[in-house]
Amino acid sequence: MLSRRHFLGAGLATTVYAAGSFVPVWAQNAPSFGTPTLPRPGFRRMKVGDVEVIALNDGITRRPLGEEFVKNAPLTEVRALLASQGLPTDYIDVPYTPFLVVAGARKILIDTGLGEFGGPTTGKLLDSLRAAGMQAADIDTVLISHFHGDHINGLRNKAGEWTFPNAKVMVPAAEHAFWMDDARMAAAPAGMKGAFENVRRTFASMPADTLVQFAAGAEVAPGIQSVAAYGHTPGHTLFELTSSGQKFFYVADLTNVPALFARNPDWAVAFDMDAEAARKVRREVFQRITASNAMLGGFHFPFPAFGRMEASGNGYAFLPAA
């Protein structure tokens, strides 16, 4: 069980949901900094061996950059790193990009975005899916990396209807056990209650034949292996796709904004629930990916959200696909 220190450290990861809406404050726009420009079209295709992987943008939120965003670095250093890359220093744009694997007749969606529960520049997943020539009913499997709202809220709408009616929903057993534990919910600080409630809103009434829990390391679909990467959340999971000798790593929230947390893997974003574990696994996975020169995709990476990672200074630089 996570300690109270971990709970408190996770506060900004899951806290402060607007009353009755399950909309986290960190997923709201900051109008004083303008509105982020969404990619058009909101999808990008690539081939990995014999399968196709499609990045599907769910939107972008813009949030002020404050002392709380990077928990263990001075704001002056954070701003300096952004400035060195030609990026704004007073706000952060956070994209949301699920990925779709098309393997023959199989259509496997990885994470679901904010759905109807985010701000006006989010909830674009279904539009992106339609632009790519598919419908929600075409999805036969949904893989969930972890239970933060921006990854699970797209599973159902505000009316409670399931967004992907024909899909099995596969979730990490360790993640499910943590968030569905009544004792942990009771012990959680007030700021995290909304996150526990949001998980229950999403999963508690899901039919038993729809929800599938998988163990760490399990093959969740032909050619797709789950990879435990605990730290961001207690059951945070990545997915490794292999086809005809080629690989694609979906790294979920291994790093938030890569311009910060890939360049400085030891920095901790406010949303990491166990910062020490998250830093350790971040370095391990990035080292593995750069050594293999594999393609990777990240949920919060700048669109098209897939590319390659190369060593850079004390960390790594993300090279987006052309």
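Residues numbered from 1 in each chain as written. Predicted model: local features only at pLDDT ≥ 70, side-chain atom pairs only at ≥ 80, totals over all residues. Heavy atoms only, no water.

Some words on the packing of aromatic side chains
- Under the counting rule described, the total for this entry stands at 14 aromatic pairs.
- Ring geometry for Trp179 and Phe196: centres 4.7 Å apart, planes at 55 degrees, overall tilted. Placement of Trp179 in helix α6 (residues 173–179) and of Phe196 in helix α8 (residues 190–203) is noted, with a sequence separation of 17 residues between them.
- According to the relative accessible area criterion, Trp179 is buried, its value standing at 1%.
- The rings of Phe99, Phe248, Tyr250 and Phe306 are connected pair by pair, giving a single aromatic cluster. (Phe/Tyr/Trp six-rings, centres within 6.5 Å; stacked < 30°, edge-to-face > 60°. Helix = DSSP H or I, 4+ residues; strand = E, 2+ residues; numbered from the N terminus. Buried < 20%, exposed > 50% of the residue type's maximum accessible area, 1.4 Å probe, protein only.)

Some thoughts on the pairing of strand β1 (residues 43–48)
- Strand direction decides the pairing type here: β1 and strand β2 (residues 51–56), joined by six bridges, are antiparallel. Across the sheet, residue Val48 finds its bridge partner in β2, namely Val51.
- Between β1 and β2, which pair antiparallel one after the other, the connecting turn spans two residues, and Gly49 there sits at a positive phi close to 60 degrees. (Pairing = 2+ DSSP bridges.)

Examining the environment of Gly154
- Within the secondary structure layout, Gly154 lies in the loop between α5 (149–152) and β8 (168–172).
- Judged by its relative accessible area of 6%, Gly154 is buried.
- C-alpha of Gly154 to C-alpha of Ser32: the two residues are 122 residues apart in sequence and 27 Å apart in space.
- Excluding anything up to four places from it in sequence, Gly154 contacts Thr112, Gly113, Leu114, Gly115, Thr163 and Phe164. (Contact = heavy atoms within 4.5 Å.)

Regarding helix α3 (residues 75–84)
- Among the residues of α3, Leu75, Val78, Leu81 and Leu82 are the ones counted as buried. With its buried residues spanning 125 degrees around the axis, α3 presents them on a single face. Opposite the buried face of α3, at more than 90 degrees from it, the exposed residues are Thr76 and Ser84.
- Tucked inside the fold, the buried residues of α3 contact β4 (91–96) and α9 (258–261).
- Downstream of α3 by a residue or two, Gly86 has a phi angle that is positive, lying close to 70 degrees. (Arc of directions from axis to C-beta.)

Concerning the pairing of strand β6 (residues 106–110)
- β6 sits mainly inside the fold: four of its five residues count as buried.
- Pairing analysis gives five bridges linking strand β5 (residues 99–103) to β6, with the strands arranged antiparallel. Considered in β6, the bridge of Val102 is made with Lys107.
- Count of turn residues in the β5/β6 antiparallel hairpin: two residues, of which Gly104 carries a positive phi of about 65 degrees.
- In the sheet, β6 pairs with strand β7 (residues 141–143) via three bridges, with the strands oriented parallel. For Leu109, the partnering residue across the bridge sits in β7 and is Val142.
- With helix α4 (residues 125–131) bridging β6 and the parallel β7, this β-α-β connection has right-handed handedness. (Right-handed = clockwise from strand over helix to strand, strands pointing away.)

Comments concerning the sheet that holds β8
- With mixed pairing, the seven strands of this open sheet are ordered in space as β1-β2-β5-β6-β7-β8-β9. For this open sheet the edge positions go to β1 and β9 (211–214), each flanked by a neighbour on one side alone. The average undirected angle you get between the axes of adjacent strands in this sheet is 25 degrees. (Axes fitted to C-alpha atoms, helices over the stretch in contact; angles between N-to-C directions.)

Considering the nonpolar core
- Core analysis: the biggest nonpolar cluster contains 61 residues, and Phe69, Ile224, Phe248, Val251, Leu260 and Leu296 have the highest contact counts within it.
- Residues contacting Phe69, with those up to four places away along its chain left out, are Arg63, Ile92, Asn256, Val257, Leu260, Phe261, Ala268, Val269, Ala270 and Phe271.
- In this structure, Phe43, Ile54, Phe178 and Phe196 belong to the second largest nonpolar core, which totals 33 residues. (Core = buried A, V, L, I, M, F, W, Y, C linked by side-chain atoms within 4.5 Å.)

As for the confidence of the model for the protein chain
- With 90% of its residues at a pLDDT of 70 or more, the protein chain shows a mean pLDDT of 91.
- Segment residues 1–23 is flagged for pLDDT under 50; beyond a separation of four residues in sequence, or across chains, it makes 63 contacts in the model. (pLDDT = per-residue confidence, 0-100.)

Considerations on unusual backbone geometry
- Of note, the amide linkage connecting Arg40 to Pro41 takes the cis form, showing an omega dihedral of -5 degrees.
- Structurally, the position occupied by Pro41 is in the loop between α2 (11–14) and β1.
- Between Phe303 and the following residue, Pro304, the backbone shows a cis peptide bond with an omega angle of 15 degrees.
- Topologically, Pro304 is positioned in the loop between β14 (295–297) and β15 (306–312).
- For Asn293, which is not a glycine, the phi torsion comes out positive at approximately 55 degrees.
- Among the structural elements, Asn293 can be located in the loop between α10 (275–292) and β14.
- The backbone phi angle of Ala305 is positive, close to 70 degrees, even though this residue is not glycine.
- Along the chain, the position of Ala305 falls in the loop between β14 and β15.
- With a relative accessible area of 0%, Ala305 lands in the buried category.

What to know about the pattern of salt bridges
- Tallied over the entire structure, the rule returns 13 salt bridges.
- One salt bridge connects Asp182 with Arg200, and the closest N-O pair in it is separated by 2.8 Å. Placement of the pair is Asp182 in helix α7 (residues 182–187) and Arg200 in helix α8, with a sequence separation of 18 residues.
- By relative accessible area, Arg200 is classed as buried at 17%.
- Salt-bridge contacts for Arg282 lead to Asp272; the nearest nitrogen and oxygen are separated by 3.6 Å. Of this pair, Arg282 sits in helix α10 while Asp272 sits in the loop between α9 and α10, and the two are 10 residues apart along the sequence. (Salt bridge = Lys/Arg side-chain N within 4 Å of Asp/Glu carboxyl O.)

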